[in-house]
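Here are the chains, one letter per residue:
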Amino acid sequence: MDLQDAIDSEVFDIVARCADELNVPAYVVGGYVRDFLLKRPLPSDIDIVCVGSGIALAEQFAAVVGKSDELVVFRNFGTAMVPFRNLQVEFVGARKESYSRDSRKPIVEEGTLQDDQNRRDFTINALAIALNGKNRGCLIDPFGGIAHLSLGIIKTPLDPEITFSDDPLRMMRAVRFAAQLQFKIDPRTFEGIHTQAHRIKIVSRERISDELHKIMLAPRPSVGLGLMFESGLMKLILPEVHALHGVDEVDGHNHKENFYHTLEVVDNVAKRSANLWLRYAALLHDIGKPVTKKLDPEQGWTFHGHELVGSRMVKKIFERMKWPLGQPLTYVQKLVALSSRPAALTLEHTTDSAIRRLLFEAGEDIEDLMILCESDITTKNPLKKQKFLDNYTQLRQKFQEIEEKDRLRNWQPPLSGDDIMQMFDLKPSKTVGILKESLKDAILDGVIPNDKAAAEEFLRKKFSEIKSK
């Protein structure tokens, strides 16, 4: 592969010209070089390192491309950012860093290109291509990053324990790159993660979540999730998921290993949907099981009510991880709470009423719920798997028939609380709530059709019963 192709674009020509004018060596480093060599889609952000003032180079570049008014400078870190076309070009002077024990914010000093490469997280991100002078187009690879790219290895440039202790977020980045690139983590590097896992506590939940989201959006999230578990990071970040691991056996009774089952479910969902929150619903759908697990002498291990318990646990996780508490939270809670309902409806003698209720409660998310439930089939017996899938196919057909007949998706009763108050000259009260809930149940149970006239007649009878009591 010709490295000249990597820097054969206008942005690099302009950077090179500006660097020559300032008489400073400049290099493109990090993700752009890595992804070019891997023939992956190139990132929209480009990291430029110069041996000199990164801010001065950024100011020169911004003036040449007419973006001086959009130049963003971070003087404390010696960095600056300039937008160019559809790119974000970040400039930094080569530097060396040192860290205090209780912070991942470094003390920064000017340094050489080698100093700058030493501070990089992984060898595959320490690759640099010279942009100007007689070395233009030359690759600088002091740690064997090219070899590690070809071997598919994530490895720190220096001692991994120091690398991860200095900036513990790098442990999550190692796991994330392994998941995204389908690479292996070098054994010594992985041991460093295991040893320094406790240091993740000094990293903000927002930064951890950024990396975790990327792991969850990888082609096979189980790669990263499994590494988090094996390294000890999972127990510190998502203890509720870690608690799924293990099998209890009492008097010959044992249960399914729920952790690795859950990873399979997440991967199955990932094959069908890029929806981040649906993938999280898969990850969290069984977290209520360890809390509700009981041994029944006749039935064996039971997990009664684990869906509702798990749904309540979801909110605590969202709050702790600083995830959005609006629609994503209610969506994941809903899917976790309903995650066993479709399976129950595949049994014989399922009533139309039970199907109506599920359609009403799932609303527009019924398809995502079915993806979750079908992904929850992880049996290795092909005959059993096909039987379960056939049952869900039949259930989908019932959904369609009842939906066409009763129009239940995003359904609201034909009479609102205000209508009921006006109809009976009532003020807001418990009676209004009872009437409204009774009307909803009557329609969902098929007692009355879903129309206004039938609703009014039903409510008159119901109100008369309440008055007589």
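Residues numbered from 1 in each chain as written. Predicted model: local features only at pLDDT ≥ 70, side-chain atom pairs only at ≥ 80, totals over all residues. Heavy atoms only, no water.

## So, the nonpolar core
Phase 1 of the analysis: Within the largest apolar cluster, 114 residues are counted, with the highest numbers of intra-cluster contacts made by Val 28, Ile 48, Phe 61, Met 172, Met 228 and Leu 233.
Phase 2 of the analysis: Ranked by the residues each element gives to this core, the list is headed by helix α7 (residues 169-181), at nine residues.
Phase 3 of the analysis: Those residues in contact with Met 172 that lie beyond four places of it in its chain are Ile 200, Ile 208, Glu 211, Leu 212, Ile 215, Met 228, Leu 233 and Ile 237.
Phase 4 of the analysis: Grouped together as the second largest cluster of nonpolar side chains are 15 residues, Leu 415, Leu 439, Ile 448 and Leu 459 included. (Core = buried A, V, L, I, M, F, W, Y, C linked by side-chain atoms within 4.5 Å. Buried < 20%, exposed > 50% of the residue type's maximum accessible area, 1.4 Å probe, protein only. Helix = DSSP H or I, 4+ residues; strand = E, 2+ residues; numbered from the N terminus. Contact = heavy atoms within 4.5 Å.)

## Focus on helix α24 (residues 452-468)
Phase 1 of the analysis: Between its terminal C-alpha atoms α24 stretches 24 Å, which fits the 24 Å expected from 17 residues at 1.5 Å a residue.
Phase 2 of the analysis: For α24, the complete set of buried residues consists of Ala 454, Ala 455, Phe 458, Leu 459 and Phe 463. Down the axis of α24, the buried set is contained in an arc of 160 degrees. They therefore lie on one face. Exposed side of α24, more than 90 degrees from the buried face: Ala 453, Lys 461, Lys 467 and Ser 468 are the residues found there. (Expected span 1.5 Å × (residues − 1). Arc of directions from axis to C-beta.)

## Observations regarding the packing of helix α22 (residues 417-424) against helix α23 (residues 430-444)
Helix packing for two helices is described by the angle between their axes and how far apart those axes are.
Phase 1 of the analysis: Between α22 and α23, the least distance of the axes is 10 Å, while the angle of their chain directions is 115 degrees. Considering only the axes of α22 and α23, their crossing is right-handed. Two secondary-structure elements touch here, α22 through Gly 417, Ile 420, Met 421 and Phe 424 and α23 through Val 432, Leu 435 and Lys 436.
Phase 2 of the analysis: Per-class residue counts for the contact of α22 with α23 are five nonpolar, one polar and one charged. (Axes fitted to C-alpha atoms, helices over the stretch in contact; angles between N-to-C directions. Left-handed = near helix turned anticlockwise from the far one by under 90°. Nonpolar A, V, L, I, M, F, W, Y, C, P; charged D, E, K, R; others polar.)

## Quick look at the confidence of the model for the protein chain
Phase 1 of the analysis: The share of residues in the protein chain with pLDDT of 70 or more is 91%, and the mean pLDDT across the chain is 89.
Phase 2 of the analysis: Segment residues 249-253: pLDDT under 50, and eight contacts once partners within four positions in sequence are set aside and those in other chains are kept. (pLDDT = per-residue confidence, 0-100.)

## Structural notes on the side chain of Gln 117
Phase 1 of the analysis: Structurally, Gln 117 can be placed in helix α4 (residues 113-118).
Phase 2 of the analysis: Assessed through its relative accessible area of 4%, Gln 117 is described here as buried.

## Thoughts on the sheet that holds strand β9 (residues 139-140)
Phase 1 of the analysis: Read from one edge to the other, the open sheet built from seven strands follows the order β3-β4-β5-β2-β1-β8-β9, with strand pairing classed as mixed. Two strands close off the open sheet at either side, each with one partner strand: β3 (72-74) and β9.
Phase 2 of the analysis: Taken together, the three bridges between strand β1 (residues 26-29) and strand β8 (residues 128-130) define a ladder with antiparallel strand orientation. Counterpart to Tyr 27 in the pairing with β8 is Ala 130. (Pairing = 2+ DSSP bridges.)

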